[in-house]
Amino acid sequence: MDTSLPSSQDSGLFLRQLRHNRMALTGAGIVLAMFVLALLASLVGRDPGAIDVSRQLLAPSWQFPLGTDDLGRDVLARILYGARISLMVGFVAVGISTCIGVVIGAVAGYYGGWVDGMVMRFVDIMLCFPSFFLILAVVAFLEPSIWNIMIVIGLTSWMGVARLVRAEFLSLRERDYVPAAKALGARDGRIIFRHILPNALSPILVSATLGVAGAILVESALSFLGIGVQPPTPSWGNMLIAGKQTLGTAWWLSVFPGLAILITVLGYNLLGEGIRDALDPRLKD
C-alpha cells in the first residue's frame, strides 16, 4: 500500500535543494540574524524606555549607533526590542490563521460535495472584504493591545491557507491509501490528520513562511496608524510615526525602523520562495 508519506530520502533531497538555493540561504540568514538580535536585545545594556532629555535627537555615533529619539531613548535598543514584538506577532498570528485554514480546508477538500460548496462560498464571502480594512474595522472596536492585534490578524487571514489545503485534499483523497484506510476501519479524523495532512504540508509551510512577513507588515501598519502597539512599548510601526514629525532633522528615527521592516520582510519572502523552489518537483535533479 502506497502511503505517499515523506521518507527520510525525500527529506534529505529537500534539505540538499534548500542548501543549494542561494535565495533560501539568504532569507534563512536574515531570519536567523533577526531572531538572535531579538533574543539578545537585553544585552545592549540600555533600557529602551529610559528617557534622558540631555541626549535628545543625537545623531548616530559610536555611543549610540542608531542615534536617539526626541525623548533621548536609544533607537538601537528600541529597534531590537521592537523585533521581539514583530516576530511574536508574525508567528502567533500565522499560527492562528494556519490552524483555522488547515481545519476548514481539510474538511472542505476531504468531504467535497455540498460541504465543500458551503465552506468555499463562505471563504469567497470573506475574500470579498479587503483584509486590511477588515482588520481596521475589527481593531477599531477593541482596546489596542498586542494580543488583540495577533488574534485579529490570525482570524482574518486564514482564507488563503484554507484554499490551498482544500486543493491539496481534493487531489490526495483520490490516492490508494485513503480507500485502504477506510476499508481497515479508520475514522475520518484519523485519515485526515494522520494520512492526508502530512502529504499536504509543503504548500502549508510555504504559505506560513510568507504569512509571517505579511503579518509583520500589517502590525507595523496598524501601529503606524496608532491603533496597534501603543507607546511606550517599542514597535517598528509606532517608531515610524514618531519619526515622521522630525524627518527633516532626525532622519534616523524613520530610516532605521523602516529598514528593519524591509530587511525582515525580505528575509521571510526569500526564505518562503526558496522553500517553494526546493519543494517543486519540476526543479529537482
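Residues numbered from 1 in each chain as written. Predicted model: local features only at pLDDT ≥ 70, side-chain atom pairs only at ≥ 80, totals over all residues. Heavy atoms only, no water.

*Asks:* Would you mind showing me how to read the packing of helix H10 (residues 201-224) against helix H11 (residues 236-244) here?
*Replies:* Across the interface, H10 lies against H11 with an axial gap of 7 Å and an inter-helix angle of 40°. Classed by the angle they form, the pair H10 and H11 counts as oblique. Along this stretch, H10 crosses H11, giving a crossing that reads as right-handed. Along its contact with H10, which presents Ile216, Ser220, Ser223 and Phe224, the element H11 presents Trp236, Gly237, Asn238, Leu240 and Ile241. Taken together, the residues that form the contact of H10 with H11 break down as 5 nonpolar, 4 polar and no charged. (Axes fitted to C-alpha atoms, helices over the stretch in contact; angles between N-to-C directions. Helix = DSSP H or I, 4+ residues; strand = E, 2+ residues; numbered from the N terminus. Parallel < 35°, antiparallel > 145°, perpendicular 65-115°, else oblique. Left-handed = near helix turned anticlockwise from the far one by under 90°. Contact = heavy atoms within 4.5 Å. Nonpolar A, V, L, I, M, F, W, Y, C, P; charged D, E, K, R; others polar.)

*Asks:* So what exactly am I meant to see when it comes to unusual backbone geometry here?
*Replies:* Only a minority of non-glycine residues have a phi that is not negative, and only a minority of peptide bonds are not trans. The residue after Pro231, namely Pro232, is reached through a cis peptide bond having omega 10°. Backbone geometry places Leu57, a non-glycine residue, at a positive phi of 50°. Of note, Leu57 is situated in the loop between helix H2 (22-39) and helix H3 (75-111). When its relative accessible area of 32% is taken as the criterion, Leu57 is described as partly exposed. (Buried < 20%, exposed > 50% of the residue type's maximum accessible area, 1.4 Å probe, protein only.)

*Asks:* Hey, could you run me through the layout of surface pockets in this one?
*Replies:* Empty space within the second largest pocket amounts to approximately 290 Å³. Taken together, 19 residues make up the lining of the second largest pocket; nearest its centre are Ser97, Ile153, Thr156, Ser157 and Gly211. For the lining of the second largest pocket, the elements supplying multiple residues, two or more each, are H3, helix H5 (131-140), helix H7 (159-172) and H10. Looking at the lining of the second largest pocket, its residues break down into 10 nonpolar, 9 polar and no charged. (1 Å grid on protein atoms, 1.4 Å probe; cavity = no way out; pocket = protein on both sides within 12 Å on 5 of 7 lines; lining within 4 Å. Points joined across faces, edges and corners; volume = space filled by probe spheres on them.)

*Asks:* What am I meant to see in the pattern of salt bridges here?
*Replies:* Two side chains carrying opposite charge are able to pair once their charged atoms lie near each other. Evaluation of the coordinates by the stated rule reveals 5 salt bridges. We note a salt bridge from Asp69 to Arg73, for which the minimum N-O separation is 2.8 Å. In this structure, the salt-bridge partner of Glu174 is Arg173, at a minimum N-O distance of 3.4 Å. Assessed through its relative accessible area of 55%, Glu174 is described here as exposed. (Salt bridge = Lys/Arg side-chain N within 4 Å of Asp/Glu carboxyl O.)

*Asks:* What's the story with the side chain of Asp116 in this structure? I'm lost.
*Replies:* Relative to the helices and strands, Asp116 resides in helix H4 (residues 113-128). If we ignore the near neighbours within four places in the chain, the residues touching Asp116 are Ala108 and Arg166.

*Asks:* What should I look at first to understand the nonpolar core in this one?
*Replies:* Nonpolar side chains in soluble globular proteins tend to end up buried together. Counting 46 residues, the largest nonpolar core has Val75, Ile79, Ile135, Ile153, Leu222, Trp236 and Tyr268 as its most contacted members. If you list the elements that add at least two residues to this core, you get H2, H3, H5, helix H6 (146-155), H10, H11 and helix H12 (252-279). The greatest single-element share of this core, amounting to 10 residues, is contributed by H12. In this structure Ile135 touches Val152, Ile153, Thr156, Val218 and Leu222, once residues within four positions along its chain are discounted. Membership of the second largest hydrophobic core comes to 16 residues, among which are Val161, Phe169, Tyr177 and Leu197. (Core = buried A, V, L, I, M, F, W, Y, C linked by side-chain atoms within 4.5 Å.)

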